[in-house]
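Listed below are the residues making up each chain.
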Amino acid sequence: MRSVPRWALVSSGCAPLLLAGGWAIAARLEGPAYDPVAQTISVLGAYGAEGFWVMTGALLALGVCHLLTAWGLRPAALAGRVALAGGGVAAFAVVLLPAPTSGGSLRHGSVAAVGFTLLALWPVLAVGRGEAVPWGLRLAPAVGATVLMVVGALWFFFEANRQGAPGVAERLVTCMQSVWPFVVVTSCVLSRADDEARSAG
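Keep in mind that what you see is a predicted model, and the values were worked out from it rather than measured.

Quick look at the packing of helix α5 (residues 106–125) against helix α6 (residues 139–161) now. Their axes nearest at 7 Å, the elements α5 and α6 cross at an angle of 160 degrees. With respect to each other, α5 and α6 are oriented roughly antiparallel. By crossing handedness, the relation of α5 to α6 is classed as left-handed. Residues F116, L119, A120, L121, P123 and V124 of α5 touch α6, and the partners they reach there are A142, V143, A145, T146, M149, V150 and F156. The residue inventory of the contact of α5 with α6, partitioned by class, reads twelve nonpolar, one polar and no charged.

This is how it looks when you write it as structure tokens:
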């Protein structure tokens, strides 16, 4: 089993912190006019928003984190690594095609949907083969992660269509999608450490 470089712990661990920190600071800059329950993260990254540069920087950093993690996650199947990297590229595209200050945007929504899909599917696509596969790359946990992300995305679309709480649903699913790479990398690093300990013993 190919090892995962320890720097991948940094790239994968920084992803959720940068994302959550970005939207928290951007929302604070936006002030009371922004409702995190009813409004999405995209509103914070729209041109003219007070926290535009903060949210833009956070999304760019998130994309870099996903690309680095995909590069370092060598035990994962190639299709999963490509999907994770694609999720990082989608974060760049979301920045290049920001949502308008009011109303929707087909281009922005389409790019965001592609990113959601890639990041929801990559756990299943990354599943490894063999008996010594780290926990995060086994079929059952991967399917569980993908199902949770898909359910979260469906909840987001439901809330957005009924004008309910899309902000809450979006934050939940993006948190899951940004945390799972760290879970997988950690499982790979720990698995490698256990193998080395058994070999030394």
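Nonpolar side chains collect at one region of the surface, where V37, W155, F158, V168 and L172 lie side by side and expose about 430 Å² of accessible area between them. In this structure, L172 sits in helix α7 (residues 166–200). We classify L172 as partly exposed; its relative accessible area is 43%.

The rules we used
Residues numbered from 1 in each chain as written. Predicted model: local features only at pLDDT ≥ 70, side-chain atom pairs only at ≥ 80, totals over all residues. Heavy atoms only, no water. Axes fitted to C-alpha atoms, helices over the stretch in contact; angles between N-to-C directions. Helix = DSSP H or I, 4+ residues; strand = E, 2+ residues; numbered from the N terminus. Parallel < 35°, antiparallel > 145°, perpendicular 65-115°, else oblique. Left-handed = near helix turned anticlockwise from the far one by under 90°. Contact = heavy atoms within 4.5 Å. Nonpolar A, V, L, I, M, F, W, Y, C, P; charged D, E, K, R; others polar. Patch = residues over 30% accessible without salt bridge, like charges linked within 9 Å, V, L, I, M, F, W, Y side chains within 5 Å. Areas by Shrake-Rupley, 256 points an atom, 1.4 Å probe, with all protein chains shown as cover. Salt bridge = Lys/Arg side-chain N within 4 Å of Asp/Glu carboxyl O. Buried < 20%, exposed > 50% of the residue type's maximum accessible area, 1.4 Å probe, protein only.

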